[in-house]
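Examining the three-dimensional arrangement
Next come the chains, spelled out residue by residue.
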Amino acid sequence: MSESPAAPATVQDESLSTVQANIARVAKQGDTRRPRDWGLHLFFRVMKESEIATTEAIIETFTKGTNAKNAPDDPVLDLYNGSPVPECLLSELDDTEAAGQPATTDNPDKPADAFFRWLSLVSGVGGSHTGSEGADGSAAPLSTLLQALQASASQSDESDIDSFGEQVEMLLNQPDGLDILVQQILALIVRHLDAPERLAHIVDVLTGLGAGLQRRPDLALSLYGRLSDILLHLFSNPEAALAMVSRLGHTPAEIGRKVVAGGLPVVCLYELLRHAAQRPNGATSGENEGESDTANTAALREERQQAALQADSDQPVAEGSSSATAVDTLPINLAFTHSGLKALQLDPMTLESFPDVFKQGMAARAERLGDTGPSAPEYWEGELGRPSIHGYFSGGFRAGSDGHPVAERYWRRLRADIRSYNSRTGQRGRFLRKMLGVLFRLFGMEVLHIELGQTPYRSDGSGRELRLEHFGFRDGISQPFVDMKLGTPPPGGGKVGRDGTWEPIATGEIFLGHPDEDGNRHIQPYCHDLRFNGTYLVFRKLEQDVVGFRDFLKRQRPESKEAQDRLAAQFMGRWQNGTPLVVSPETPLTLTDDRDPRLNDFLYRRQDPEGRKCPLGSHARRSNPRDIGGHDSVKRHRILRRSMSYGGPLLDDESKGDGEPKGLLFVAVNSRLDLQFEVIQGLWINKGEFLGQAGLGRCPVIGANDSSTSDTFLEANAVAPVTQIPRFVTNRGGDYFFVPSARAVRKLAAGFKFPPDTGEAQDRIDSIGGRKTPTLFDESRIRAIAHRILSGPERSVTVGLPEAPTRSDYPSPRTYSEDARTGDGMVFVGRHADVHRVLCDNPGPNSTDFLLSVAHYRVASRRTSRGIDLLIGTETGPDTGATRQRLQDILDTAWTRLDKQAGTYKRLKGITETTLDAAIYRTAPSGRIDLVRDLATETVYRISAEIFGVPGPDRLTEIAVALPFSKKHLFELEPDWLATLNRDPPENPALETLHLWSVIFLADLVGNLFLQDELKELARTAGSEFMTHLDDLLASARRRQPEPAQTLLDMFVQLEPEMLRKYGCADYASDDYYADVTALLLELSGTIMSVVPTAWGRVITTILDNRIGLPTLVPLLKMRKLPKEPLTGIERLVYEIDRVNPAFRIFQRYCETDMVVADGLTIPRNSWVGAMAIAANFDASAFPDPKRFSLAPFLPGPKRDPRNYLMFGAQGGQRDCWGRDRLALDLMTSFVERASRLHGLRRPAGPGGSTRDIARVIIGQPARFAASG
Amino acid sequence: MNHQTGNWIESRSLGDVTEICVMSPIRLGRVPGERRTFEERLRFKIDSLMGRAEDGLPNVLNRITTIHFARMLVIRPDQYLSYSGLPGFPHLEKGAETASETTEQPKLDFDPYRTGQQPVQNQPHYRSWLFTEVIFDGDIKVYFRDIAERIAGDFDDVFDNCEEFPGTGDFSRFWNWIRKYQIHNDLFLSAYPNLSVPRIKQLEDFKKRFDAFVAKVRSPTGRKVEPIDDLFDAFLKESQQYASGFPASGGVYQPKQITE
């Protein structure tokens, strides 16, 4: 912002003194007086303390116990970059415990102490937070080692780097190789600290060492561990850090130049060292946290501290005169997303009291911001827009001076490094992730995304350099200038006064806690200490299609470059050098300096009311309409911009691009995101009607245009518009951040939780808006019941049902009589032993008695299957015992026979492999996959078609067409409705239809806990279509009489004579056999098509939401060879995930006679039993330390007896799930393995990342990945 | 059932636009054959309509092409009994309620931990109410006649969850029911009282067609397309009237094909 007012020696207005420096005013680069011309944005996630502990435990296990010969190092080293295993998964029971119940003493989500260490470091709080060496008392040896290393550094030898690689190979084969190697590497690094190019070379050599280190994970880990110790020592000792930095050069500019040449790891390392080296001696103690004096020059400092510092630096300092000047003092900024503040465990009420727009985040607001089409959040880069981004801090330092700039090739390499880092692709990308993972982990952070901003400058011909953006325009001219008592703002900034003169806008428009333009103060969030002098920051990565922009201008104005520049100026409202069209509509002026009044001192309504000079729709006019609509309106919608370009130098006029995406890192702050930034972006930029103007279309430069005939722009005085304007600017990702004051950061560092001030909070507690209709299976009710059963003396909770009326005024076709059992109350049981007992219901080997009935399954399945019994609806006993035995016999005989004839399991394996391969092959180019649909549903469809012999029909059936409209039949639809679907017909209608039938079948059979009629009707319709289809398939097979049988269906046909010999009688003839067979096929196909995808959906969403790092975890699990284990590591993973987030949460049974389940628990006759797997899975008697996620014995953790898992029901009972061990488990482990090859797997940002379901059966989980390997 | 017609409320109108607001009692208890209450079933039906609208898919209400805006809301006893002074509900005076009172749920349809099934005698049963508010073109009776004829089944599915609802089948009884529960609308505003829904849609379509026409005949560089008169006549011919299908029978407005 080259036209910011010159900084005075001190800031007189004390009220803004604690704002983070570099927000209200841009910090200048020491003696150069120039604002920072490049900067880093590091987007981080705050790690959990437990996550660090778990990782360390795993690392220990693997360094001790692995067979060095076969173990790949990669996964183990990846552990440094976040834990692949969550310490504790979010369980449904957690909330209840938080709400007043005696909470467990441990706090599994506690943020890492190390993160607070960093906060203290950058904000200058407390001297007591020392590195880990303080704890283990190893500080002395480390500093001795450092001194020794520094002493040896003088014996520099150029050739040592080249021989380094060979030395490593050699050392690896020595018994004491590790210690020597660590010393060698460190010596090498220290020796070459003053020559970052060589340092970068060492990093490259280390990158290439993959092969060597892979064979010795223990070595690699020790190496990383040792390096970590040293770094921590440096970070916690300012003098040591300073001494280290001083070795790089004599002035900040020189040091910075070398550091940039060293590449991304060196830049990050230096940035952190800079934080450490700036830490003042005698920093404030934790007792008066929040207080500081102006002498505090921590990296994150207050506005007034910066002003004092700036005043000092105005005194000429001889270069290299003291070591203190060697560290660049440019301040850093730190900001948090709402999820970040949550991760820091601030007071829940205070968190809740933030404005909705901030809590929702930018991705949720995409529609109103015009972030649609290619700008939609689902296409955003990396994890931008995801709640995993907890915050960001900006870095950057002087690098090079006018005489000695950083060579462009180093910048290019740095940008390439950052792109590899963000995309996680290639050896370089993964290595950088690992390396920076080690570094930032020391401070409890995982850096998820990095952006590098660089301001391109171009000479204006008169010896001055203009700060430009990539379309070639001067940027950042108009700012709203908060009143900091700095004297008169330059004309054109601030707001328009009554007489057309300029005044600063009220401080409260930008910073919280001050009076705004109406004289009011903010009350959100409800804690003054957190709020005061904070502000909200908008970050958007706006990619500019420079070539497309220029091409469009050329197509519109082929006659001359001058005409093209003229049209571009019309679009922008200013000429390229900043001259406003209002001031000079015909030609750009030569402006003398930044305070030249012609640059910014103009008004629209007063000087150009009709837009005859500056078009009404131009970018500058609509994004800051100045006096349009009366001064009252615009002044409430101002933002303070702090943007910076990215993507390297400007493109030459004729360039077709240099392969680097270019654009603007848009950064702006304001005090009300929804009233300020969003009004500008959503209304002024992207709508044509505002402030009394109409017909303006969208902004021609940054609007959400898409080349339609309605995307028009009318130049000044033109009759015909420019039409079909494409989108020139695409949002690649962003979010809303809260920037606390420097003082609030210090309090945060000291562990302050910012409880709400009394008063405002009460209104939220009293809100009457959120009253929901309670249901029997309400999540909160189920949680409360589960908690009562697990914590109290009760073993069950009974809930009665309300009465049903017996008559109705409405002449309903429905009968008002109901099954006698429907209204019976429900007894919920939740202890593991009780749930297990209910699910097994196995009174004894010789007993045919049964106490609990599954009659509801029978009723539901008969609905679908024309009254025939399915296996699931039968039970031992007089009613359906014989049918059950017969169905089981037919199925088992056919299955075994088919396997013998056609090698079923081998074919299954083949089908699974090829389907999954194809899915990855198909999705890899785009990096977009539906993890449920592409992996699971495709695979089970082929199994149904090729193994069971049940493909779908070759069309969408009635229900498949009608269901999106909430209808069952075509006749209920209007023809014009179908036209609105606006999507291509499905590629595989057979799969679609079969899948839909199955989903409805499952939803009604086991998911219809409410017994809702709509679902029953749907199941009846779907079932009827399904059964007719099966009839056709069977009829065709009976005509063909396939020999040998390829499918289960063929085999059933083959077995007909044999089975009729066995079961044939007066009541059981061929038709009855085929009825049985149809029922079996319905059940098999219907369940595999629905259960496997939905159960896998649960597993994979749990994996995504808890950042379970499959690419790290799966190889780790495979490394452990435990031959005596009944389950493989991956099977353990699937079972354990199903435990904490079960696919089936409550199983129902009906109790027909009093049943004594255990001492003190008798279920009375005529009641329903709700067996709560979701409670039993957290019963400590079955799963010790139940809130911990455990893959023991594969990874350290509490023991889990596999027999206690309740996936798809209890194991070993008479209702054991037929398909679990035969099919489902194998399939799910295959899916896990395949998903583990997708690196950087994540949900897309925004609504496009949500799980899709029909009646709570999961059918889709869109995801993105960086690379498959 | 005897209705007193004398108390019926008149709908308000502005220009050609009319409002109706109906406040109907939701039935107590459980839907026979289900484990849902009538209120739960009602919310399910409304959610389903809402879901279509959010997905941008037409639903049955599109068939009534005179509707500008519609809203339905369920008001629960725990909302309207706040500050009533009844035990278990919030008090207006700060600090007057005790912790146990604020957490205690009113006696409603589901009694969470009731072990027996006997209803407590003489306990008043507070019910939820459904507010339905619609703003539409034209006359109110024409509007309800449309409903009874075009979306009878779906309409019944929703209001069957309310007391005394007789169905749309017998229009007179249906009409009486509506009027019995209609409430007075104190404020009713319309930003465009003289524009019907089809008219707005037509104007929107016209602007689109106009933009396309401009893009075809005028270039900002000054290049002109001849013969402009013929093209303009063609534009007028295509853009002024619609012979059919605007909207189509399901209520979808399909813009006319623009001749390239």
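Everything below is about the structure printed above this text.
A brief structural summary.

Thresholds, definitions, all that
Residues numbered from 1 in each chain as written. Chains lettered and ligands numbered in written order. Predicted model: local features only at pLDDT ≥ 70, side-chain atom pairs only at ≥ 80, totals over all residues. Heavy atoms only, no water. Helix = DSSP H or I, 4+ residues; strand = E, 2+ residues; numbered from the N terminus. Buried < 20%, exposed > 50% of the residue type's maximum accessible area, 1.4 Å probe, protein only. Contact = heavy atoms within 4.5 Å. Core = buried A, V, L, I, M, F, W, Y, C linked by side-chain atoms within 4.5 Å. Buried area = accessible area lost by both parts, 1.4 Å probe. Salt bridge = Lys/Arg side-chain N within 4 Å of Asp/Glu carboxyl O. Polar contact = N/O pair within 3.5 Å; in protein donor to acceptor, adjacent residues only side chain to side chain. Pairing = 2+ DSSP bridges. Phe/Tyr/Trp six-rings, centres within 6.5 Å; stacked < 30°, edge-to-face > 60°. Lys NZ or Arg CZ within 6 Å of the ring centre and 35° of its normal. Axes fitted to C-alpha atoms, helices over the stretch in contact; angles between N-to-C directions. Left-handed = near helix turned anticlockwise from the far one by under 90°. Nonpolar A, V, L, I, M, F, W, Y, C, P; charged D, E, K, R; others polar. Lys, Arg positive; Asp, Glu negative; His and termini not counted.

1. Let's talk about the overall build of chain A
Helix and strand counts for chain A stand at 47 helices and 26 strands. The buried share of chain A, taken over its 1269 residues, is 60%. Long-range pairs, those at least 24 residues apart, make up 75% of the contacts in chain A between residues at least 6 apart in sequence.

2. Structural notes on the nonpolar core
Residue and element names in this part refer to chain A. Ranked by internal contacts, the top residues of the largest apolar core, which has 164 residues, are Phe948, Phe1052, Trp1096 and Met1172. The element best represented in this core is helix H43 (residues 1070–1105), accounting for 18 residues. If we ignore the near neighbours within four places in the chain, the residues touching Phe948 are Trp895, Ile943, Thr1047, Leu1048, Leu1049, Leu1081, Leu1084, Ser1085, Ile1088 and Leu1223. Trp118, Leu272, Phe552 and Leu553 belong to the second-largest nonpolar core, a separate cluster that totals 119 residues.

3. Quick notes on the interface of chain A and chain B
The partner chain B presents 63 residues to the 70 residues of chain A that form the contact. Of the roughly 5,600 Å² buried between chain A and chain B on both sides combined, carbon and sulfur atoms contribute 50%. Taken as a group, A:Arg771, A:Pro802 and A:Tyr810 account for 12% of the area that chain A buries against chain B, more than any other trio of residues on that side. At the junction of chain A and chain B, the tally comes to 5 salt bridges. A salt bridge links B:Arg63 to A:Glu974, with the shortest nitrogen-to-oxygen separation between them at 2.5 Å. Our count for the contact surface shared by chain A and chain B stands at 31 residue pairs in polar contact (both at pLDDT 80 or more). Broken down by secondary-structure element, the contributors of at least two residues to the side of chain A that touches chain B are helix H31 (761–765), helix H32 (779–791), strand S14 (796–799), helix H39 (975–980) and helix H41 (1013–1040) of chain A.

4. Considering the pairing of strand S21 (residues 1167–1172) of chain A
Residue and element names in this part refer to chain A. Burial of S21 is extensive: 6 of the 6 residues sit out of reach of the surface. Here S21 shows no split at all, with Ser1167, Val1169 and Ala1171 on one side and Trp1168, Gly1170 and Met1172 on the other all buried. Bridge analysis of strand S15 (residues 826–829) against S21 gives 4 bridges, and the strand direction is parallel. Along S21, the bridge assignment pairs Val829 with Ala1171.

5. Let's talk about the packing of aromatic side chains
With the rule as written, the count across this model stands at 68 aromatic pairs over all chains. Seen in terms of ring centroids, A:Phe549 and A:Phe728 are 5.1 Å apart; in terms of plane orientation they differ by 90°. Their pairing is edge-to-face. In this pair, A:Phe549 is assigned in helix H23 (residues 546–556) and A:Phe728 in the loop between helix H29 (677–685) and strand S13 (729–739), connecting sequence segments 179 residues apart. Note on accessibility: A:Phe549 and A:Phe728 belong to one class, buried. Through a chain of ring-to-ring contacts, three or more aromatic side chains come together here, namely A:Tyr810, B:Phe136, B:Tyr143, B:Phe144, B:Phe155, B:Phe159, B:Phe165, B:Phe171, B:Phe174, B:Trp175, B:Trp177 and B:Tyr181. Looking at A:Lys747, its charged tip hangs above the ring of A:Phe752, at a distance of 4.2 Å from the centre. Its guanidinium or amino end placed over the ring of A:Trp1168, B:Arg35 lies 4.8 Å from that ring's centre, counting from NZ or CZ.

6. Focus on the sheet that holds S14(A)
Hydrogen bonds between backbone groups are what pair the strands of a sheet, and the pairing can be parallel or antiparallel. Residue and element names in this part refer to chain A. Strand order in the open sheet made by the 5 strands is S14-S15-S21-S18-S16, with mixed pairing throughout. The sheet terminates laterally at S14 and strand S16 (852–853), the two strands that pair on one side only. Here strand S18 (residues 1146–1151) pairs with S21 via 6 bridges, running antiparallel. Residue pairing across strands places Ile1146 opposite Met1172, the latter belonging to S21. Strand contacts of H32: S14, S15, S18 and S21, with the helix running at about 145° to S14, the strand carrying the most contacts.

7. Points about the environment of A:Pro615
Residue and element names in this part refer to chain A. Within the fold, Pro615 resides in the loop between helix H26 (604–607) and helix H27 (619–623). In this structure the C-alpha to C-alpha distance between Pro615 and Gly573, which are 42 residues apart in sequence, comes to 6.9 Å. When sequence neighbours within four positions are dropped, the list of residues in contact with Pro615 reads Gln570, Leu581, Arg621, Phe713, Leu714, Glu715 and Ala716.

8. What to know about the packing of helix H36 (residues 904–923) of chain A against helix H37 (residues 931–948) of chain A
Geometrically, a packed helix pair is captured by the angle between its two axes and the distance between the axes. All names here are of chain A. The N-to-C vectors of H36 and H37 enclose an angle of 145°; their axes lie 9 Å apart at closest approach. Every pair of crossing elements has a handedness; the one defined by H36 and H37 is right-handed. Touching Thr904, Arg907, Leu908, Ile911, Thr912, Thr914, Thr915, Leu916, Ala919, Ile920, Arg922 and Thr923 of H36 are Asp934, Leu935, Glu938, Thr939, Arg942, Ile943, Glu946 and Ile947, all from H37. The residue inventory of the contact of H36 with H37, partitioned by class, reads 8 nonpolar, 6 polar and 6 charged.

9. Focus on helix H44 (residues 1110–1119) of chain A
In terms of burial, H44(A) is a largely internal element, 7 of the 10 residues being buried. Turning to H44(A), its buried residues number three or more, namely A:Leu1110, A:Thr1112, A:Leu1113, A:Val1114, A:Leu1116, A:Leu1117 and A:Met1119.

10. Here we look at the pattern of salt bridges
Residues and elements named next belong to chain A. Scanning the entire structure with this criterion turns up 87 salt bridges over all chains. Close ionic contact of Arg928 with Glu378 constitutes a salt bridge, the shortest N to O distance being 2.9 Å. One end of the pair, Arg928, is in strand S17 (residues 928–930); the other, Glu378, is in the loop between helix H19 (366–369) and strand S3 (391–395), and 550 residues separate them in sequence. Glu378 sits in the partly exposed class, given a relative accessible area of 28%. Close ionic contact of Arg942 with Glu946 constitutes a salt bridge, the shortest N to O distance being 2.9 Å. Taken together, the residues Arg942 and Glu946, both in helix H37 and 4 residues apart, mark about one turn of the helix. Ionic contacts of the salt-bridge type, sharing partners, join the residues Arg45, Glu51, Glu383, Arg424, Glu446 and Arg1107 into one network.

11. Description of the side chain of A:Arg727
Residue and element names in this part refer to chain A. Along the chain, Arg727 turns up in the loop between H29 and S13. There is no salt bridge for the buried Arg727, and the closest opposite charge comes from Asp371, which lies 5.6 Å off by N-O distance. A polar side-chain atom of Arg727 sits 3.3 Å from the main-chain carbonyl oxygen of Gly370. Look past the residues within four positions of Arg727 in its chain and what remains in contact with it is Gly370, Thr372, Pro374, Ser375, Gly703, Ala704 and Asn705.

12. Focus: unusual backbone geometry
Residues and elements named next belong to chain A. Between Gln524 and the following residue, Pro525, the backbone shows a cis peptide bond with an omega angle of -15°. Following the sequence through the fold, Pro525 ends up in the loop between strand S8 (502–503) and helix H22 (528–531). For the peptide bond that leads from Ala1192 to Pro1193, omega is 5°, which places it in the cis range. Tracing the sequence through the fold places Pro1193 in the loop between helix H46 (1173–1176) and helix H47 (1218–1235). Residues other than glycine seldom take positive phi values, yet Gln724 does so here, at roughly 55°. Its place among the elements puts Gln724 in the loop between H29 and S13. A relative accessible area of 39% means that Gln724 is categorised as partly exposed.

These figures capture arrangement, not role.
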